[in-house]
Structures are given as structure tokens and as C-alpha cells.
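Survey of secondary and tertiary structure
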Amino acid sequence: MTVDKARIARQFIETIPHSKALGMHIVDIGEGVAVIEMPYDSRFIGDPESGVIHGGAVSALMDTCSGAAVMSHPRAPAGTATISLRIDYMRPATPGQTITARAECYHITRSVAFIRATACDDDTDRPVAAATGTFTVEQAPNTNDRGDMT
């Protein structure tokens with residue numbers, strides 16, 4: 001991956017309003033893999049009795065991390081959008097702990113990128129959630145394109 005592509009992906013993710021509001025920050029990005037952390041914040045508690053972070057915050061983290069993985073793939077464009085994202089919640093995140101998402105863009109076609117991702121707290125052997133999804137791949141216009149799908 002070029003340095004410019006990593007910089008563009010990093011800048012894009014870091015300027016998304018919900019990513020900033022949720023305190024997300026990129027730990028690592030490159031070659032179709034991204035790692036993003038979201039620190040514990042009492043504003044995002046979904047269950048006041050237990051202090052567990054709301055699943056919506058976890059899903060936003062996983063979606064953002066997955067998009068970053070697609071954007072950093074050597075064959076992907078600088079931009080992408082979520083087509084589908086299936087998230088399986090396996091257990092509540094431990095209150096007070098940072099949640100870290102890791103996403104990998106493991107296959108890419110001319111129009112669709114495929115990802116898999118996990119979200120973990122300090123107990124990395126037991127994920128909080130796992131996801132699979134598809135994202136758009138927009139090809140740069142080709143002046144020699146005849147409109148066929150070859």
C-alpha cells in the first residue's frame with residue numbers, strides 16, 4: 001500500500017463525525033487490514049445497571065474499521081460504502097475496558113469487497129462480536145472502457 005493511500009484512509013476515518021464523537025482512533029492500517037480502538041465512555045452505556053456499552057457503539061466501531069480495511073486494500077479505491085454488515089454479538093463488553101476492532105478485507109472483486117472483523121475488550125480470547133460484510137468498490141473511470149464486463 002502506498003503511503004498516500006494510508007494517509008487518505010487515516011484522514012477519512014479520523015474526520016467522520018461519529019468516529020470522533022465515539023473517540024475512535026486508528027491503531028494500525030495497511031494492506032487490507034485495519035485496527036481501531038474505542039475507549040470506554042460512560043456516555044455510551046446501553047445498560048445503566050451493568051455499565052455495558054450499547055451495541056450500537058460497537059456496531060459503529062466495527063463498520064468504521066471494516067471500511068478502513070477496504071480503503072487500505074491495494075486494489076480498492078480511496079472511498080467505499082457499506083452494502084451489508086452482519087454482526088454477531090457474543091457477549092457484553094466488560095465495563096471500563098477499551099474495545100478494539102480488527103477488520104480484514106480478504107477478497108475484492110471489481111465492484112464488491114468482502115470483510116471479516118472482530119471486536120474484543122481485554123479478553124482477546126473471547127470476542128465481544130464478530131462480523132462479516134460487503135462494501136462497495138468504485139473503480140476509477142477508464143477512458144478505454146467500452147462498457148462491457150470483461
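Our subject is the structure listed above.
Residues numbered from 1 in each chain as written. Predicted model: local features only at pLDDT ≥ 70, side-chain atom pairs only at ≥ 80, totals over all residues. Heavy atoms only, no water.

What to know about helix H3 (residues 55-71)
With 17 residues, H3 should cover 24 Å at 1.5 Å per step; its first-to-last C-alpha distance of 24 Å lies within 8% of that length. Of all 17 residues making up H3, 13 are buried, and the element is well covered by its neighbours. (Helix = DSSP H or I, 4+ residues; strand = E, 2+ residues; numbered from the N terminus. Expected span 1.5 Å × (residues − 1). Buried < 20%, exposed > 50% of the residue type's maximum accessible area, 1.4 Å probe, protein only.)

Let's talk about the sheet that holds strand E2 (residues 33-38)
With antiparallel pairing, 6 strands are arranged side by side in an open sheet as E1-E2-E6-E7-E8-E5. Across the chains shown, the open sheet's two edge strands, defined by having one partner strand only, are strand E1 (25-30) and strand E5 (82-89). Pairwise comparison of adjacent strand axes, ignoring direction, gives a mean angle of 15 degrees for this sheet. In this structure, E5 lies alongside strand E8 (residues 129-136), joined through 7 bridges in antiparallel fashion. Bridged to Ile87 within E8 is Ala131. (Pairing = 2+ DSSP bridges. Axes fitted to C-alpha atoms, helices over the stretch in contact; angles between N-to-C directions.)

Quick look at the pattern of salt bridges
Oppositely charged side chains can form a pair if their charged atoms are brought close together. For the structure on display, the rule yields 5 salt bridges. Between Asp41 and Arg43 there is a salt bridge; the shortest N-O distance is 2.8 Å. Exposure remark for Arg43: the relative accessible area of 59% places this residue in the exposed category. A salt bridge links Asp123 to Arg126; the nearest nitrogen and oxygen atoms lie 2.8 Å apart. Judged by relative accessible area, which is 28%, Asp123 ranks as partly exposed. Arg126 gets classed as partly exposed once you look at its relative accessible area, which sits at 47%. (Salt bridge = Lys/Arg side-chain N within 4 Å of Asp/Glu carboxyl O.)

Some details on the nonpolar core
Formed by 39 residues in total, the largest nonpolar core has its most connected members in Ile36, Met38, Met62 and Ile99. When residues of this core are traced back to their parent elements, those giving at least two are helix H1 (3-15), E1, E2, H3, strand E6 (99-108), strand E7 (112-120) and E8. The greatest single-element share of this core, amounting to 10 residues, is contributed by H3. Here Ile36 is in contact with Ile13, Met24, His25, Ile26, Val27, Leu61, Thr64, Cys65, Ala68, Ile99, Thr100 and Ala101, once residues within four sequence places are set aside. (Core = buried A, V, L, I, M, F, W, Y, C linked by side-chain atoms within 4.5 Å. Contact = heavy atoms within 4.5 Å.)

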